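# Close look at the chain arrangement
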Amino acid sequence: DVKVTQSSRYLVKRTGEKVFLECVQDMDHENMFWYRQDPGLGLRLIYFSYDVKMKEKGDIPEGYSVSREKKERFSLILESASTNQTSMYLCASSPGAGGTFEAFFGQGTRLTVV
Amino acid sequence: QQQVKQSPQSLIVQKGGISIINCAYENTAFDYFPWYQQFPGKGPALLIAIRPDVSEKKEGRFTISFNKSAKQFSLHIMDSQPGDSATYFCAASLNTGGFKTIFGAGTRLFVKA
């Protein structure tokens, strides 16, 4: 069964902290994504990666960075957490060229920055 | 800039009724249009999807209607059931080297028993 696992369901961090959100997929997918979900705004793409060590900015990359050292793992980094980064963060993966566009999501990490 | 616009924000439908959610997109380079369903506490999951060379796709009670010239597409849920109560997201994808998917704002559907 397809699985995308996010390391934490809930996180509380202090303003200014460096925060790491981890995501692992077991489907050998080429593409991985980080979204944030906010009420009324839907899912907004932060960063995505279509290959190891490759990354592309999404629509709201400011304040975030990512790392993909291995194919199965995609990390989202909040360099200096701020209260406006309080949100639900969703990781997803999808097959590469020749596969489908279908994205498989993790269960999300609800991050609160205080 | 919202590339995929979704309406309504919320929808209440009687059991057995038809639920209709609409989406519009701007970028003609999009070439895959999925709908995702999300239950509370879960990540979104693919429900049904369509390519722009097809005007309609049906899977069970779920139908996508696609109007390429108007750059609009919609989800119809026939015989809506309480178990369909969830948040629905339309989306549009394109191949930019990787497959980038842009989501609409979501519609919270509540089906009354």
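None of the values given here were measured: they were computed from a predicted structure.

Before going further, it helps to examine the overall build of chain A. Regarding its fold elements, chain A presents zero helices and 11 strands. Along chain A, helices and strands appear, N-terminal first, in the series β-β-β-β-β-β-β-β-β-β-β. For chain A, whose C-alpha radius of gyration is 13 Å, the value lies close to the compact-globule estimate of 13 Å for 114 residues. C-alpha extents for chain A along the principal axes are approximately 45 × 25 × 25 Å. Each of the 114 residues in chain A was classed as buried or not, and the buried ones make up 49%. Considering only contacts within chain A whose residues lie at least 6 apart along the sequence, 55% involve residues at least 24 apart. By element, 49% of the accessible surface of chain A is carried by carbon and sulfur atoms, the whole surface being about 5500 Å². Between the averaged position of the 15 positive side-chain charges in chain A and that of its 15 negative side-chain charges there is a distance of 7 Å.

Here the focus is the sheet that holds strand β8 (residues 73-78) of chain A. Residues and elements named next belong to chain A. Strand order in the open sheet formed by four strands is β1-β3-β8-β7, and the pairing between neighbours is antiparallel. Among the strands making up the open sheet, the edge pair consists of β1 (4-6) and β7 (64-70). Geometrically, the sheet is characterised by an average inter-axis angle of 20° between neighbouring strands, direction not taken into account. The pairing of β7 with β8 spans five bridges and is antiparallel. Bridge assignment links Ser65 to a residue of β8, and that residue is Ile77.

This next bit is on the interface of chain B and chain A. Listed as interface residues are 26 residues of chain B and, on the opposing side, 25 residues of chain A. Around 2000 Å² of area is buried between chain B and chain A when both sides are counted, 58% of it from carbon and sulfur atoms. Across the chain B-chain A interface, the total number found is zero salt bridges. There are five residue pairs in polar contact (both at pLDDT 80 or more) connecting chain B and chain A. For the side of chain B that touches chain A, the elements supplying multiple residues, two or more each, are β4 (33-38), β9 (86-95) and β10 (99-103) of chain B. If you tally residues by element for the side of chain B that touches chain A, the top one is β10 of chain B, at five residues. Its residues assigned to classes, the side of chain B that touches chain A shows 10 nonpolar, 12 polar and four charged.

Glancing now at the sheet that holds strand β6 (residues 56-59) of chain B. Residue and element names in this part refer to chain B. Ordered in space as β1-β3-β8-β7-β6, the five strands form an open sheet in which the pairing is antiparallel. The two strands at the open ends of the sheet, each matched to only one other strand, are β1 (4-7) and β6. Here the average twist between neighbouring strands, direction ignored, is 15°.

Residues and elements named next belong to chain A. Overall, the coordinates contain two disulfides over all chains when judged by the stated rule. Put simply, Cys23 and Cys91 are joined by a disulfide, and their sulfur atoms are 1.9 Å apart. Disulfide Cys23-Cys91: torsion about the S-S bond near -80°, hence left-handed. Of this pair, Cys23 sits in strand β3 (residues 19-25) while Cys91 sits in strand β9 (residues 87-94), and the two are 68 residues apart along the sequence. Assessed through its relative accessible area of 0%, Cys23 is described here as buried.

Our next topic: the side chain of Thr63 of chain B. For Thr63 of chain B, the position within the fold is in strand β7 (residues 62-67). For Thr63 of chain B, the residues in contact, after removing those within four places along its chain, are Glu56, Lys57, Lys58, Ser74, Leu75 and His76 of chain B.

Reading the values: the criteria
Residues numbered from 1 in each chain as written. Chains lettered and ligands numbered in written order. Predicted model: local features only at pLDDT ≥ 70, side-chain atom pairs only at ≥ 80, totals over all residues. Heavy atoms only, no water. Helix = DSSP H or I, 4+ residues; strand = E, 2+ residues; numbered from the N terminus. Rg over C-alpha atoms; globule rule 2.2 N^0.38 Å. Buried < 20%, exposed > 50% of the residue type's maximum accessible area, 1.4 Å probe, protein only. Contact = heavy atoms within 4.5 Å. Areas by Shrake-Rupley, 256 points an atom, 1.4 Å probe, with all protein chains shown as cover. Lys, Arg positive; Asp, Glu negative; His and termini not counted. Charge placed at Lys NZ, Arg CZ, Asp CG, Glu CD. Pairing = 2+ DSSP bridges. Axes fitted to C-alpha atoms, helices over the stretch in contact; angles between N-to-C directions. Buried area = accessible area lost by both parts, 1.4 Å probe. Salt bridge = Lys/Arg side-chain N within 4 Å of Asp/Glu carboxyl O. Polar contact = N/O pair within 3.5 Å; in protein donor to acceptor, adjacent residues only side chain to side chain. Nonpolar A, V, L, I, M, F, W, Y, C, P; charged D, E, K, R; others polar. Disulfide = S-S within 2.5 Å.

Take it as geometry only, folks, not as evidence of what the structure does.
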